[in-house]
Protein chains: 2
Amino acid sequence: MDDDVPLILTLDDSGSSASAPLDDLDREELPNENGGSYDVINDTSSPAAGDCCAQQSSARHNWEMNYQEAAIYLQEGENNDKFFTHPKNAKALAAYLFAHNHLFYLMELSTALLLLLLSLCEAPAVPMLRLGIFVHATLELFALIVVVFELSMKMRWLGFQTFIRHKRTMVKTCVLFVQFIEAIVVLVRQTSHVRITRALRCIFLVDCRYCGAVRRNLRQIFQSLPPFIDILLLLLFFMVIFAILGFYLFSPNHSDPYFNTLENSLVNLFVLLTTSNFPDVMMPSYARNPWSCVFFIVYLSIELYFIMNLLLAVVFDTFNDIEKRKFKSLLLHKRTAIQHAYHLLITKQRPSGISFKHFEGLLRFYKPRMCARERYLTFKALNQSNTPLVSLKDFYNFYEVVGLKWKAKRNREHWFDDLPRTAFLIFKGINILVKSRMFQYAMYTVVAVNGIWILVETFMLQGGNFFSRNVPWSYIVFLTIYGVELLLKTTGLGPIEYLSSGWNLFDFSVTLFAFLGLMALAFNMEPFYFIVVLRPLQLLRLFKLKKRYRNVLDTMFELFPRMASLGLTLLIFYYCFAIVGMEFFAGVVYPNCCNTSTVADSYRWVNHTVGNKTVVEEGYYYLNNFDNILNSFVTLFELTVVNDWYIIMEGVTSQTTHWSRLYFMIFYIVTMVVMTIIVAFILDAFVFRMNYTRKNQDSEEDNGIVLEKEISKEEVVGIIELYKRSSAAAETAQLQKIVLQMDKYGQMSTLFLGRRSRTKSDLSMKMYEEEIQEWYEEHSRKEEPQMPLQEPASAPNSSLKPLSLRQRSQTVI
Amino acid sequence: MDDDVPLILTLDDSGSSASAPLDDLDREELPNENGGSYDVINDTSSPAAGDCCAQQSSARHNWEMNYQEAAIYLQEGENNDKFFTHPKNAKALAAYLFAHNHLFYLMELSTALLLLLLSLCEAPAVPMLRLGIFVHATLELFALIVVVFELSMKMRWLGFQTFIRHKRTMVKTCVLFVQFIEAIVVLVRQTSHVRITRALRCIFLVDCRYCGAVRRNLRQIFQSLPPFIDILLLLLFFMVIFAILGFYLFSPNHSDPYFNTLENSLVNLFVLLTTSNFPDVMMPSYARNPWSCVFFIVYLSIELYFIMNLLLAVVFDTFNDIEKRKFKSLLLHKRTAIQHAYHLLITKQRPSGISFKHFEGLLRFYKPRMCARERYLTFKALNQSNTPLVSLKDFYNFYEVVGLKWKAKRNREHWFDDLPRTAFLIFKGINILVKSRMFQYAMYTVVAVNGIWILVETFMLQGGNFFSRNVPWSYIVFLTIYGVELLLKTTGLGPIEYLSSGWNLFDFSVTLFAFLGLMALAFNMEPFYFIVVLRPLQLLRLFKLKKRYRNVLDTMFELFPRMASLGLTLLIFYYCFAIVGMEFFAGVVYPNCCNTSTVADSYRWVNHTVGNKTVVEEGYYYLNNFDNILNSFVTLFELTVVNDWYIIMEGVTSQTTHWSRLYFMIFYIVTMVVMTIIVAFILDAFVFRMNYTRKNQDSEEDNGIVLEKEISKEEVVGIIELYKRSSAAAETAQLQKIVLQMDKYGQMSTLFLGRRSRTKSDLSMKMYEEEIQEWYEEHSRKEEPQMPLQEPASAPNSSLKPLSLRQRSQTVI
């Protein structure tokens with residue numbers, strides 16, 4: 001968003017005041033209004049134009065520095081970067097700018113991915129991707145060197161002191177060091193040793209700028225741990241009690257293999273907690289005495305149905321609490337950032353607000369891609385008062401307003417309004433047809449019929465050769481109908497309006513795929529059926545019919561980024577366990593490996609001949625191994641699903657030691673934590689959403705945040721003047737276009753609409769409305785003794801600030 | 001609580017004004033003050049003593065009627081009985097009183113239980129309990145006749161019109177009719193036919209007065225159904241799409257038995273949703289093409305991890321909402337009941353409140369067991385003003401106050417205060433010791449050591465003959481320590497204070513059991529080990545140490561009644577399914593029954609000889625059958641736990657038709673609903689509790705509701721006067737005892753403490769404090785146009801009331 005900050009400025013900076021710390025620039029001496037001649041808005045402050053050139057240039061340069069620092073503060077506020085990592089001098093600023101742009105982030109990400117992907121090619125490698133030790137070790141070394149470079153940039157920016165204090169970076173450095181040594185050892189010995197530390201490679205991914213959500217998830221998981229562990233202990237406690245009880249009760253029965261020792265008793269009750277061995281573990285004792293089922297029913301009722309749900313309740317509650325606290329601290333952090341930026345932008349002469357000139361300067365650094373028109377609109381949207389200045393109170397809305405996309409409100413209702421009369425009438429007719437309920441319901445009927453058709457058709461195929469070369473006529477019929485619908489809608493609504501709805505986009509892509517499928521079929525292409533099976537997806541359109549589904553699907557799309565980051569978090573855990581699993585269990589299970597264990601059947605692979613036919617008896621479980629990282633992932637997924645996980649555990653255990661069980665049990669507990677968090681998250685998100693809709697039942701149909709602003713011709717001319725003076729040709733030209741447009745339609749002003757989609761933060765803002773006010777008051781009360789922020793009369797750019805700033809950052813962290 | 005309303009009154013009523021409807025009694029003519037001579041409180045209203053005897057007696061009689069009706073209103077408010085079932089005349093009142101006492105309720109319950117238990121002895125009977133057809137059919141007829149009698153009483157009370165309108169009663173009547181006919185048919189034919197309608201017997205249990213909680217649960221389940229079904233459809237929709245997809249993808253693989261037809265594909269994906277066949281269903285295709293695991297991973301991620309959790313979220317949300325609405329309607333219902341009662345108790349002369357005399361009259365009917373002292377204390381606790389009357393505003397707290405148990409505040413701090421000096425010092429020392437933290441932590445250490453000891457001891461036993469006849473010395477040592485602790489605590493605190501704490505009670509009973517175990521061991525009794533295994537329960541004491549556990553356990557105990565009712569609800573569903581299962585599947589599975597199915601191994605029972613030894617191969621699953629109701633319950637529990645349920649399903653299916661799967665699938669969905677509700681309930685209860693503790697962190701240590709009231713000697717003497725006049729000897733004697741006590745200690749007044757445990761309703765009251773005020777206002781606004789309740793100046797006993805009452809009840813229902 002904000003990372004294309006021009007490097008020129010940094011060079012410029014190092015050229016003129018290289019060694020002066022950024023914060024220590026003597027801002028008191030700044031000519032606070034620069035002559036005021038750049039101001040578009042009728043400014044009453046005394047213009048001091050005609051100063052000497054050199055001073056003006058220096059003043060402008062100092063202002064540029066202020067703009068940049070303010071922009072950095074706002075970025076830090078947005079990204080929740082703590083202020084103690086704020087660049088402190090020009091050198092740090094250079095490094096900061098270097099390390100904060102998408103190119104650098106991409107490098108970070110790709111290095112981390114490269115390191116992770118290396119495990120595909122290392123020792124127990126995926127057969128197709130196997131690489132020589134020399135090759136993959138060199139690749140690893142290369143990647144590690146890139147990481148070293150990244151870290152050195154970070155050190156340059158943070159300074160050694162802060163670098164040491166930053167925990168995550170320190171851990172990363174240590175891991176890097178270990179990895180480096182190991183990579184060199186591998187390269188020297190030309191053979192892989194046991195490298196469990198590879199599991200730590202994830203930290204490079206976690207530390208990426210793009211993986212901020214994963215870091216947040218991990219933090220949330222660790223914060224939920226204490227109550228989780230408490231309840232886990234309760235769970236284990238009951239397990240031990242029941243294990244002793246079970247041992248006493250059932251070990252006299254010699255046909256019961258599940259309780260013959262205390263260890264077995266414990267392990268089997270642990271597995272029973274996952275229900276994975278359920279009726280089986282009960283059967284031998286149940287066969288002897290029917291009343292022994294009471295033991296198992298009581299155990300499951302207490303452990304599975306009560307304490308496990310308690311676990312969810314506790315995590316859910318903690319999660320709720322954390323979400324709220326996180327929202328609060330983020331909000332206050334943003335507020336502090338805005339305060340910092342504000343104080344860099346106001347002047348001594350006019351301490352009550354920011355003028356457009358300075359605001360424009362800030363946006364030049366904060367959002368370089370924004371055009372002049374949008375900058376002015378953002379300024380106008382922020383400015384609630386009638387004065388030409390944005391006060392601190394207005395400026396607090398900065399983050400809500402800056403994300404808006406501005407568009408001139410259309411004068412024409414439909415795209416075809418300018419066409420000749422006949423064409424207009426035709427298109428108008430189509431438009432009315434397409435928007436009618438009748439048409440919609442007709443389409444729903446077609447989709448439903450199509451669904452039933454597909455079902456019946458598939459049912460009739462029963463084992464025949466259903467990939468016949470003839471295109472089924474039903475397929476063509478339905479596809480034609482969908483095609484006609486698509487055509488009508490596109491012409492009736494205009495392509496832009498048509499594609500602006502998510503649902504239409506969905507229809508469009510599904511129809512397109514179906515058409516591709518038809519093409520593939522016509523030309524006898526092989527991967528055809530992958531496309532044909534997408535056809536039932538059309539049926540998803542039926543879910544638009546009911547409000548609850550629309551709600552659910554909307555929430556789903558809103559949640560998607562968060563879900564993806566949770567999935568990624570889970571994958572990181574998978575990676576760690578996969579590496580450990582591969583190091584210990586690679587190659588231990590194979591067909592017929594476990595004939596001595598109780599799960600021998602599942603690992604059997606017998607190929608015997610009955611009469612003339614060869615009968616293959618396959619247990620298949622030998623496929624669930626740790627032979628390479630892909631297999632390990634699948635195996636771990638199976639363990640996550642839990643059912644029959646003990647077969648995998650017992651298989652591996654019978655080939656290694658019984659301590660291997662620890663690996664599986666720990667994995668179960670870890671996934672239980674992550675899964676509980678995921679459940680709590682989904683619960684929280686949906687309950688929150690439903691509460692929200694219940695609270696705002698009247699205004700339910702608004703899709704996103706919309707703001708309206710009118711700009712008069714004089715204003716535009718004024719801005720053009722301003723840009724002309726600073727010789728920004730592109731901006732001037734663009735603004736002049738607006739003036740021309742206005743002239744053409746003979747308007748004195750144009751209405752602009754600012755739009756953005758609603759985020760979770762907006763919802764939270766509305767939900768916690770009352771509490772937020774309290775937080776603000778509490779926060780400003782805490783601030784006051786240190787710095788009277790609300791008093792604009794105090795010297796805005798005083799050299800005292802850096803100190804108080806650091807003090808404040810302590811309270812935020 | 002309130003059900004021992006004396007029958008005499010009813011007879012008295014029918015004797016004097018038999019046919020006059022209760023509500024139509026011309027209360028305008030009541031001598032509103034009865035001369036005021038009964039009033040204890042200094043009454044300023046003109047005493048009209050010396051009226052003719054007959055008039056006074058009639059007035060008193062009318063007052064008695066008012067008391068009784070007010071008491072009935074309050075009962076209805078408490079039990080959430082709708083006011084349209086209010087008895088309308090003297091005959092109805094007689095029936096109402098007959099049908100509202102514990103004897104009648106017990107009869108109801110026992111009849112229902114008898115009917116349910118009959119299925120133990122009917123056709124596929126539990127072997128030991130088999131009864132002849134003649135016997136059990138006669139028993140059934142007898143029980144049904146009792147139900148007829150109950151229903152006829154209810155009809156007498158409700159009147160035919162209301163009886164017809166009352167849905168639950170109507171359903172019960174229809175079921176009764178069907179059951180009656182069937183029972184006669186069985187008796188005539190002397191053979192049982194297919195009687196699925198037996199599943200409906202549950203309704204007799206559900207309709208019992210004692211099963212109100214079950215009814216509420218069922219209502220809640222049905223109310224949660226609509227959103228549940230919506231999401232279920234989404235789930236099934238994706239299932240169908242994936243079934244078609246899976247069929248296309250995997251049916252070309254002939255070694256894959258799971259997707260060879262569309263039906264199989266659907267069934268297996270349904271089972272996969274329960275994860276019950278997970279790695280197996282994937283294995284054949286995974287063995288062919290490793291990438292086919294993507295299909296299963298995507299399916300499980302969408303269905304199991306997303307939509308199933310969505311289901312929970314939706315149910316949880318609905319549940320939350322319903323709980324709040326239920327609380328609101330109950331609260332308002334109670335309020336209306338109180339208003340009704342209030343208007344029956346005030347008089348024309350003093351319309352601003354209820355005097356003690358009338359309040360006492362009400363309590364005589366509402367809580368006949370309450371003693372005179374408690375009645376007066378309740379009155380005092382309600383009366384917030386300085387006047388001798390309880391206003392409507394005060395009277396609104398009736399339900400909160402009437403449950404308090406009153407006790408005179410002790411003058412002595414310890415039980416041994418009256419003992420001689422030496423004894424006092426000894427006991428005081430023990431008291432201080434027992435209350436010290438040191439002692440507590442010492443005991444925790446002993447318990448922990450005991451725990452580890454038991455674990456180690458059990459671990460060492462490993463398969464030996466551990467029921468040796470020697471008493472292990474460790475057992476005696478620990479038991480002695482616990483015994484000494486128990487003794488010290490009892491003497492130090494006094495038995496009453498000791499046993500008033502739940503935790504002490506727990507310690508006491510566990511120690512007692514351990515002692516019984518020792519006794520049993522000493523006398524070589526057989527069932528000894530059942531008691532010895534209770535020893536680890538001592539370890540539960542360790543959980544007192546941490547606040548979270550105390551919280552959890554407290555909540556657990558608070559939740560217990562509700563959990564029990566949920567369990568009972570589940571059992572009722574079990575019963576229905578067990579009956580249906582028995583009718584269709586009794587006797588279909590047996591050893592080696594299913595050799596043609598895919599699950600043959602699980603049902604195998606082979607007895608073959610290898611060398612000299614007989615080896616038994618047992619699959620045991622034939623034990624999971626529907627051969628009698630107890631077996632059915634165990635089988636259904638196994639289906640509830642879900643793991644490997646498809647083995648049971650496939651076994652039964654292979655012996656019957658493939659439509660049997662419907663039974664199992666429906667059962668799965670029903671238990672899913674009930675289980676989701678249970679989870680939502682636990683979640684809700686704990687989150688609520690935790691929010692509550694977070695909100696009231698300062699006052700966390702209060703255990704229950706406590707109220708203090710002081711009574712002076714004059715007041716007691718005044719009440720004695722009152723009771724003497726109404727010649728209530730028992731009450732007078734009791735009160736005089738208090739006066740004597742006061743005289744003994746030379747006090748002018750005694751302090752009484754009212755105590756009761758806190759209920760969920762109290763918590764809710766505190767949580768929704770602000771909203772409750774809104775509800776009240778909204779409620780009274782709704783009421784106002786119909787009846788100006790807040791205006792005490794209006795005729796309190798006007799004959800207009802019955803009409804307006806019925807109108808109001810409409811708004812409440």
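Residues numbered from 1 in each chain as written. Chains lettered and ligands numbered in written order. Predicted model: local features only at pLDDT ≥ 70, side-chain atom pairs only at ≥ 80, totals over all residues. Heavy atoms only, no water.

## Details of the environment of Thr-750 of chain B
The condition that has to hold: Numbering of helices and strands runs from the N terminus; a helix is a DSSP stretch of H or I covering at least four residues, while a strand is a stretch of E covering at least two. Whether two residues are in contact is decided by their heavy atoms: any pair within 4.5 Å suffices.
For Thr-750 of chain B, the location among the structural elements is in strand β5 (residues 749-756). Beyond its immediate stretch of four places on either side in the chain, Thr-750 of chain B contacts Ala-408, Lys-709, Glu-710, Ile-711 and Met-742 of chain B.

## Thoughts on the sheet that holds strand β1 (residues 405-408) of chain B
Residue and element names in this part refer to chain B. Operational definition: Strands are treated as partners if at least two bridges between them are detected by DSSP. Here an axis means a line fitted to C-alpha atoms, over the contact stretch when the element is a helix, while the angle between two N-to-C directions is reported on a 0 to 180 degree scale.
Taken together, three strands build an open sheet; the order of strands is β1-β5-β4 and the sheet is antiparallel. Among the strands making up the open sheet, the edge pair consists of β1 and β4 (705-712). If you compare each strand with its neighbour and ignore which way they point, the axes differ by 25 degrees on average. Strand direction decides the pairing type here: β4 and β5, joined by eight bridges, are antiparallel. Along β5, the bridge assignment pairs Glu-708 with Leu-753. Each of β1, β4 and β5 is contacted by helix α13 (residues 372-382), which is oriented at about 105 degrees to β4, the strand it contacts most.

## Examining the interface of chain A and chain B
Which entries qualify depends on this criterion: The term buried area refers to how much accessible surface (probe radius 1.4 Å) is lost by two components on association, counted for both of them together. The salt bridge definition used is simple: a Lys or Arg side-chain nitrogen within 4 Å of an Asp or Glu carboxyl oxygen. Any pair of N or O atoms that falls within 3.5 Å is considered a polar contact. Within protein, one atom must be able to donate a hydrogen and the other to accept it, and sequence-neighbouring residues count only if both atoms are side-chain atoms. Amino acid classes used here: Ala, Val, Leu, Ile, Met, Phe, Trp, Tyr, Cys and Pro are nonpolar; Asp, Glu, Lys and Arg are charged; the rest, including Gly, are polar.
The interface is formed by 88 residues belonging to chain A together with 87 residues belonging to chain B. Buried surface at the junction of chain A and chain B, summed over both partners, amounts to about 8,700 Å²; 75% is from carbon and sulfur atoms. Across the contact surface, chain A and chain B share zero salt bridges. At the junction of chain A and chain B, the tally comes to eight residue pairs in polar contact (both at pLDDT 80 or more). When residues of the side of chain A that touches chain B are traced back to their parent elements, those giving at least two are α8 (212-250), α10 (278-288), α11 (293-345), α17 (437-461), α21 (528-532), α22 (547-585), α24 (629-641) and α26 (660-695) of chain A. Broken down by element, the side of chain A that touches chain B gets its largest block of residues, 14 residues, from α8 of chain A. Along the lines of polarity and charge, the residues of the side of chain A that touches chain B split into 63 nonpolar, 16 polar and nine charged.

## Brief notes about a negative patch on the surface
All names here are of chain A. Selection rule: The residues that make up patches have over 30% relative accessible area and no salt bridge, and they are joined within 9 Å when like-charged or within 5 Å when they are Val, Leu, Ile, Met, Phe, Trp or Tyr. Surface exposure here means Shrake-Rupley accessible area, sampled with a 1.4 Å probe, where a residue is shielded only by the protein chains that are shown. As used throughout, the charge tally considers Lys and Arg to be positive and Asp and Glu to be negative, leaving His and the chain termini uncounted. Here the site of a charge means atom NZ of a Lys, CZ of an Arg, CG of an Asp or CD of a Glu. With a 1.4 Å probe rolled over the protein chains alone, any residue whose accessible area is under 20% of its type maximum counts as buried; one over 50% counts as exposed, and the rest are partly exposed.
Among the surface-exposed residues, Glu-769, Glu-770, Glu-774 and Glu-777 lie close enough to one another that they form a single negatively charged patch. Secondary-structure assignment places Glu-770 in helix α30 (residues 769-783). For Glu-770, a relative accessible area of 65% corresponds to the exposed category.

## Focus on the domain arrangement of chain A
Operational definition: The source of the domain bounds is an automatic or database domain assignment.
One can read the domain layout of chain A as domain 1 (89-209), domain 2 (218-304), domain 3 (318-412 + 700-778), domain 4 (421-545) and domain 5 (555-696). Domain 4 of chain A and domain 5 of chain A are separated by 38 Å when their C-alpha centres are compared.

## A word on the packing of aromatic side chains
Note on aromatic pairs: each is described by the distance of the centres and the angle between the planes. Heads up, the rule is: Each aromatic pair joins two rings of Phe, Tyr and Trp (for Trp, the six-membered one) with centres within 6.5 Å, and gets the label stacked for planes under 30 degrees apart, edge-to-face for over 60, and tilted for any other angle. Distance and angle both matter: a charge sits over a ring if NZ of Lys or CZ of Arg is within 6 Å of the ring centre and within 35 degrees of the ring normal.
Under the criterion given, the structure shown has 91 aromatic pairs over all chains. With centroids separated by 5.0 Å and ring planes inclined at 75 degrees, the aromatic side chains of Phe-577 of chain A and Phe-667 of chain A adopt a geometry described as edge-to-face. One end of the pair, Phe-577 of chain A, is in helix α22; the other, Phe-667 of chain A, is in helix α26, and 90 residues separate them in sequence. The same class applies to Phe-577 of chain A and to Phe-667 of chain A, which are both buried. Put simply, the rings of Tyr-342, Phe-356, Phe-359, Tyr-366, Tyr-376, Phe-379, Phe-395, Phe-398 and Tyr-399 of chain A pair up and form one aromatic cluster. One Lys or Arg, Lys-334 of chain B, reaches over the ring of Tyr-399 of chain B and ends 5.2 Å from the middle of that ring.

## Overview of the confidence of the model for chain A
All names here are of chain A. Going by this rule: Known as pLDDT, the predictor's confidence for each residue is given on a scale from 0 to 100.
Mean pLDDT over chain A works out to 78, with 84% of the residues at or above the 70 mark. A low-confidence stretch, residues 786-813 (pLDDT under 50), is modelled with 52 contacts involving residues beyond four sequence positions or located in other chains. This prediction of the complex comes with two scores: 0.82 for pTM and 0.82 for ipTM.

## Some points on the UniProt feature "domain: Ion transport" (unreviewed entry) in chain A
Rules: UniProt positions are given in the numbering used here, feature names are shortened, and annotations may be inferred rather than shown by experiment.
Residues annotated by UniProt as "domain: Ion transport" (unreviewed entry) correspond here to residues 107-326 and 437-687 of chain A. Between the C-alpha atoms that bound residues 107-326 of chain A there is a distance of 29 Å. The span itself is 78% helix and 0% strand.

## With respect to the relation of the copies chain A and chain B
Cut-off, in case you're wondering: The least-squares superposition of copies is restricted to C-alpha atoms, and to residues with a pLDDT of at least 70 in both copies.
Each copy of the sequence occupies a distinct position, and chain A is placed on chain B by a rotation of 180 degrees and an axial shift of 0.0 Å, giving an RMSD of 0.1 Å. On the angle and the small slide along the axis, the relation comes out as a two-fold axis. In terms of proximity to the rotation axis, the leading residue of chain A is Asn-643 of chain A, whose C-alpha is 3.6 Å off the axis. When the interface residues of chain A are mapped onto chain B, 99% of them are again interface residues, pointing to one common binding face.

## Quick word on the pattern of salt bridges
Scanning the entire structure with this criterion turns up 40 salt bridges over all chains. Glu-583 of chain A is paired through a salt bridge with Arg-198 of chain A; the nearest N and O atoms lie 2.9 Å apart. One end of the pair, Glu-583 of chain A, is in helix α22; the other, Arg-198 of chain A, is in the loop between α6 (167-189) and α7 (202-206), with 385 residues separating them in the sequence. The salt bridge partner of Glu-323 of chain B is Lys-326 of chain B, with a shortest N-O separation of 3.4 Å. Residue Glu-323 of chain B and its partner Lys-326 of chain B are located together in helix α11 (residues 293-345), separated by three residues, close to a single helical turn. According to the relative accessible area criterion, Lys-326 of chain B is partly exposed, its value standing at 23%. Three or more residues are tied together by salt bridges with common partners; here these are Glu-122, Glu-140, Glu-182, Arg-195, Arg-198, Arg-201 and Glu-583 of chain A.

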